[in-house]
Amino acid sequence: MKGGGKGKATAPTTDFQTGIGSRDKQLREYLESEKHTEASLVVERAKITLPTSGKADGSVTGALTLHGVTRPAKVNYHIIRGSSDYRIEGDIELNINDY
């Protein structure tokens with residue numbers, strides 16, 4: 001995510017876990033994970049604050065694609081600067097019925 005442009009994160013929908021096996025199965029069925037194998041989030045790079053050292057926290061709205069549906073989603077993120085890279089974690093609250 002250097003410079004301008006957009007950053008994209010993807011995750012396989014078959015790996016989503018809630019901690020409850022039967023709920024995981026229902027979620028994969030609802031999301032049709034065999035058909036829609038990937039979820040993605042696209043954000044504008046300029047809206048993310050990357051730390052020059054240490055860490056940074058913030059929030060950004062991006063385009064979340066899940067189950068073939070793309071909607072705006074707010075992401076709360078935490079970034080840690082390494083010696084040559086960044087580690088980025090984020091949380092998204094969503095209503096699964098919107099997808």
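Just above, that's the structure.
This one's a predicted model, so the numbers in the text were calculated from it and none came from an experiment. Note that residues are indexed from 1 along each chain, following the sequence as it is written. In keeping with the predicted nature of the model, local features appear solely for residues at pLDDT of at least 70, side-chain atom pairs appear and are counted solely at 80 or more, and the whole-chain, interface and lining totals rest on all residues. For the side-chain quantities, the full set of heavy atoms in the structure was used; hydrogens and water were omitted.

Engineer: Before we go on, may I ask you to explain the nonpolar core in this structure?
Structural biologist: When a protein is soluble and globular, its nonpolar side chains tend to lie buried together. In this structure, I48 and V60 are the most contacted members of the largest nonpolar core, which totals 14 residues. The helix count covers DSSP runs of H or I at least four residues long, the strand count covers runs of E at least two residues long, and both are numbered beginning at the N terminus. Looking at this core, the elements with two or more residues in it are strand 2 (38–44), strand 3 (55–66) and strand 4 (69–81). Among the elements that line this core, the one with the most residues is strand 4, at four residues. By the convention used here, residues are in contact when the closest approach between their heavy atoms is within 4.5 Å. Discounting residues that sit within four places of it in the chain, V60 has contacts with V43, K47, I48, A73, K74, V75 and Y77. The definition of a nonpolar core used throughout is a set of buried Ala, Val, Leu, Ile, Met, Phe, Trp, Tyr and Cys residues joined through side-chain atoms within 4.5 Å. Exposed residues in this analysis have more than 50% of their type's maximum accessible area, buried residues have under 20%, and partly exposed residues fall in between, with area computed by a 1.4 Å probe over protein chains only.

Engineer: I'm lost on unusual backbone geometry in this one. Help?
Structural biologist: Across the chain, the bulk of peptide bonds are trans and the bulk of non-glycine residues have phi less than zero. If you check the backbone angles, E32 has positive phi at about 50° while not being a glycine. With respect to the helices, strands and loops of the structure, E32 is situated in the loop between helix 1 (21–30) and strand 2. Of note, H67 is a non-glycine position whose phi angle comes to about 60°, a positive value. Tracing the chain through its elements places H67 in the loop between strand 3 and strand 4.

Engineer: What am I meant to see in the sheet that holds strand 1 (residues 6–12) here?
Structural biologist: What links the strands of a sheet is backbone hydrogen bonding, and the strands pair in either a parallel or an antiparallel sense. The five strands are arranged 1-2-3-4-5 in an open sheet whose pairing can be described as antiparallel. Of all the strands in the sheet, just strand 1 and strand 5 (86–92) have a single pairing partner and so form its edges. The average undirected angle you get between the axes of adjacent strands in this sheet is 35°. Should DSSP find at least two bridges between two strands, the strands are taken to pair. Alignment of strand 3 against strand 4, held across twelve bridges, turns out to be antiparallel. Following the sheet pairing, T65 is matched in strand 4 by T70. In this description, a line fitted to the C-alpha atoms serves as the axis of each element, helices being fitted only across the stretch in contact, and the angle between N-to-C directions of two axes falls anywhere from 0 to 180 degrees.

Engineer: Would you mind going over the pattern of salt bridges with me for this structure?
Structural biologist: Where charged atoms from two side chains of opposite charge come close, those side chains can pair. Think of a salt bridge as a Lys or Arg side-chain nitrogen and an Asp or Glu carboxyl oxygen that are within 4 Å of each other. Under the definition given, this model contains two salt bridges. One salt bridge connects E29 with K25, and the closest N-O pair in it is separated by 3.8 Å. Taken together, the residues E29 and K25, both in helix 1 and four residues apart, mark about one turn of the helix. Residue classification places E29 among the exposed positions, given a relative accessible area of 51%. Across the pair R87 and E89 runs a salt bridge, and its minimum N-O distance is 3.0 Å.

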